[in-house]
Amino acid sequence: MRDTGIHIIAALKRKWITLAILKEILIAASLIMIISAILYYFIHTNIALLSGVSVVAILVAVFIRKPWNIDDVEIVKFLDRAYPQLEESSGLLLSQPIFQTRLQELQFERTREKLHQLNIRLPYRQIKNAASIFAGAIIFTFLLSVIPVKRILHAKNPGQQPKLKQEIKLPGVDKLQLTIIPPAYTGKGKRLQEQFNIECEEDAILNWAITTTSAANSLEIILNDKQVIALQPLNGEHKKWSMSKTVTTSGYYQVKLDNQLSELYRISVIKDKAPAIKILKPKPYNTVEYGESTKIPLQVNLSDDYGITNSFISATIASGSAESVKFKEQQLSFNTSFKSFTTNTQLNRILDLKAMGLQPGDELYFYITAKDNNVHESRSDVYIIQLADTSQLMSMPSLMNGVNLKPEYFRSQRQIIIETEQLIKDKDKISAEEFNNKSNDLGMDQKLLRLRYGKFLGEENEVNIGDSRFDSDEDIHAGNNESQNQKIIDAYSHKHDIAEDPNFFEPETKKQLKATLAEMWNAELKLRILKPVEALPYEYKALRLLKDLQQKSRSYVAKTGYQTTP
């Protein structure tokens, strides 16, 4: 009787292996059925060959997966997990009696009895899923054979139209010689065809030359059921007829020989497209900060179906402010000679802002215009380049006018810029050691200013304020293996180091202040590594962001009004 448990596990193992093999066969068969249906439908592969390859592929897939590699231990784990009443003692059924203690023998008998009483159901969900996949593959194969997928794809892709049905000539018409003369803008030569259905370029000239089997009284072409054009006989026998017409739109026509009408023939006109313009460089909106190059690379890609003849840049410079804004327009060329029928080209030019006359604070608006062989013209979107005005940032009156909520902080950043510029000028006059010390001291001043602004965001960790590598709360507390008790305390306590908690700033202001701290961090980094020249652009950008914040605060105060003491 002690072998009864082992026999049950062995029987379960056989069923499990059978289900696993069936599952693998169904999944492999589903995938191979879908692939075979696609190959047969679109490529017309031999069905006998597909069937043989499919059977081999299924066997190989099952052999690779090896679903029969299931041991008794896996069955025992399933029983213990699925049936708690076995008290995780199914493993005792596999052990030898001579190695069991008295307690294990008692538990062995108890487990064996419970195993006999259970109605064990193997995990059939996987086999159900595999069967669903197989049913889906059958439905897919059926739909592929019923739905005209090819016709739908061809309709979406006109470049791969199915072959037209064979034309039916009108009785009495011997032959046709149709001459298609494309317009000059295409650069194509004339071509001949013997079919009535026509595909030609826009503004192409069509010459019909029709020969009849016997003399005819009249021969006409009816365009779109509206326009009737009579062909002229070329000889006295009235067997050769001709006519000529320029076509601009698609449509259809019929040939009328005496009183007989032909079937409908199509006229497909290929429209000429306007040039396509794609600006690769620069970005749609650019701000040139202090210290950055004023020579902006411009890279444009032009494409057209038949050819590009010209392209230029239309630029407008806006200078001044308020009511004294002035605009200056100019047209710039790419200094490129376009070859005949150039369908795709890439143009490059350097926009030298200083040579164009831009001053600090000015803005450049420009767009690209392109023309093709058929005098079609395209225009790109307008791109903007702004030259930052550092003189206004350094202007003391602009910093002192209005209600200045943070005058000390603004003057501090301004003073750092002044001292940095002075240090760069004095580099050749002072020793290397003194230069390095002053640069490091300026880095310290920039750090103190950065920390002072960091307090506006509630950042009290004075180490990494403004560093983009330490922006999240997780980074602030990185490396601390907090206990569960500490996490509970954090959930119900006030945290000063979380930048999102302060509620006295609007989200947009908070975002700009964070950007300011990032620029200050970069400036400090360059000063600390003794590169004040590289620090200046970051210092100026930080000052400009602070200036914007100051103007926003003034606008708000101006709207509320201010009542002085009588």
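What you are looking at is a predicted structure, and each value in this text was computed from that prediction instead of being measured.

Student: Could you give me a rundown of helix H10 (residues 432–454), with the residues and numbers involved?
Tutor: The end-to-end C-alpha distance of H10 is 33 Å, a good match for the 33 Å that 23 residues give at a rise of 1.5 Å each. Residues of H10 that are buried: Phe435, Ser439, Leu442, Gly443, Gln446, Leu449, Arg450, Leu451, Tyr453 and Gly454.

Student: Quick rundown of the nonpolar core? Include the residues and the values.
Tutor: Grouped together as the largest cluster of nonpolar side chains are 27 residues, with contacts concentrated most on Phe196, Ile198, Cys200, Leu206, Trp208 and Tyr253. Residues contacting Ile198, with those up to four places away along its chain left out, are Leu178, Ile180, Gln193, Leu206, Trp208, Tyr253, Arg266, Ile267 and Ser268. With 25 residues, the next largest nonpolar core counts Val300, Ile308, Phe338 and Leu353 among its residues.

Student: Kindly report on the packing of H10 against helix H13 (residues 507–528), identifying the contributing residues and their values.
Tutor: Closest axis-to-axis distance for the H10/H13 pair is 8 Å, and the angle between their directions is 165°. If you check the angle between H10 and H13, you find them roughly antiparallel. Classified by chirality, the crossing of H13 by H10 is left-handed. Here Ser439, Asn440, Leu442, Gly443, Met444, Gln446, Lys447, Leu449, Arg450, Tyr453 and Gly454 of H10 lie close against H13, whose contacting residues are Leu513, Leu517, Met520, Trp521, Ala523, Glu524, Leu527 and Arg528. Residues belonging to the contact of H10 with H13 are distributed by class as follows: ten nonpolar, five polar and four charged.

Student: Would you mind going over the sheet that holds strand S8 (residues 240–247) in detail, with residue names and values included?
Tutor: The sheet built from five strands is open, its strands ordered S2-S1-S4-S8-S7 with antiparallel pairing. Whereas interior strands pair on both sides, the edge strands pair on one side only; in this sheet they are strand S2 (191–193) and strand S7 (232–233). Bridge analysis of S7 against S8 gives two bridges, and the strand direction is antiparallel. From the neighbouring strand, Pro233 faces S8, where its bridge partner is Trp241.

Student: Go over the pairing of strand S1 (residues 173–181) with me, naming the residues and quoting the values.
Tutor: Looking along a regular strand, one sees the side chains alternate between the two faces of the sheet. Two elements, S1 and strand S4 (residues 204–212), share eight bridges in a ladder whose sense is antiparallel. Counted as the bridge partner of Lys175 is Thr211 from S4. Pairing of S1 with S2, which is carried by three bridges, proceeds in the antiparallel orientation. Bridge pairing in S2 places Thr179 opposite Leu192.

Student: Which residues make up the pattern of salt bridges, and what are the values?
Tutor: Summed over the entire model, instances satisfying the criterion amount to ten salt bridges. Between Lys371 and Glu377 there is a salt bridge, and its shortest N-O distance comes to 3.7 Å. Given the relative accessible area of 29%, Lys371 is considered partly exposed. Glu377 gets classed as partly exposed once you look at its relative accessible area, which sits at 48%. For Lys541, the salt bridge is made with Glu519, and the minimal N-O distance between the two is 4.0 Å. Of this pair, Lys541 sits in helix H14 (residues 532–560) while Glu519 sits in helix H13, and the two are 22 residues apart along the sequence.

Student: Would you mind going over the sheet that holds strand S14 (residues 295–303) in detail, with residue names and values included?
Tutor: With antiparallel pairing, three strands are arranged side by side in an open sheet as S12-S14-S17. The two strands at the open ends of the sheet, each matched to only one other strand, are strand S12 (276–281) and strand S17 (344–352). Within this sheet the neighbouring strands show an average axis-to-axis angle of 25°, counted without direction. Where S12 lies against S14, five bridges are found, and the strand directions are antiparallel. When the sheet's bridge partners are listed, Lys281 is paired in S14 with Gln299.

Student: If you had to explain a nonpolar patch on the surface to someone new, which residues and values would you point to?
Tutor: A contiguous nonpolar patch, built from Val56, Val60, Phe63, Ile64 and Trp68 and spanning about 510 Å² of accessible area, is present on the exposed surface. Take Val56: it is sitting in helix H2 (residues 47–65).

Student: Outline H13, listing residues and values.
Tutor: Between its first and last C-alpha, H13 extends 31 Å over 22 residues, near the 32 Å set by a 1.5 Å rise per residue. One or two residues past the end of H13 sits Leu530, with phi positive at roughly 65°.

Calculation criteria
- Residues numbered from 1 in each chain as written.
- Predicted model: local features only at pLDDT ≥ 70, side-chain atom pairs only at ≥ 80, totals over all residues.
- Heavy atoms only, no water.
- Helix = DSSP H or I, 4+ residues; strand = E, 2+ residues; numbered from the N terminus.
- Expected span 1.5 Å × (residues − 1).
- Buried < 20%, exposed > 50% of the residue type's maximum accessible area, 1.4 Å probe, protein only.
- Core = buried A, V, L, I, M, F, W, Y, C linked by side-chain atoms within 4.5 Å.
- Contact = heavy atoms within 4.5 Å.
- Axes fitted to C-alpha atoms, helices over the stretch in contact; angles between N-to-C directions.
- Parallel < 35°, antiparallel > 145°, perpendicular 65-115°, else oblique.
- Left-handed = near helix turned anticlockwise from the far one by under 90°.
- Nonpolar A, V, L, I, M, F, W, Y, C, P; charged D, E, K, R; others polar.
- Pairing = 2+ DSSP bridges.
- Salt bridge = Lys/Arg side-chain N within 4 Å of Asp/Glu carboxyl O.
- Patch = residues over 30% accessible without salt bridge, like charges linked within 9 Å, V, L, I, M, F, W, Y side chains within 5 Å.
- Areas by Shrake-Rupley, 256 points an atom, 1.4 Å probe, with all protein chains shown as cover.

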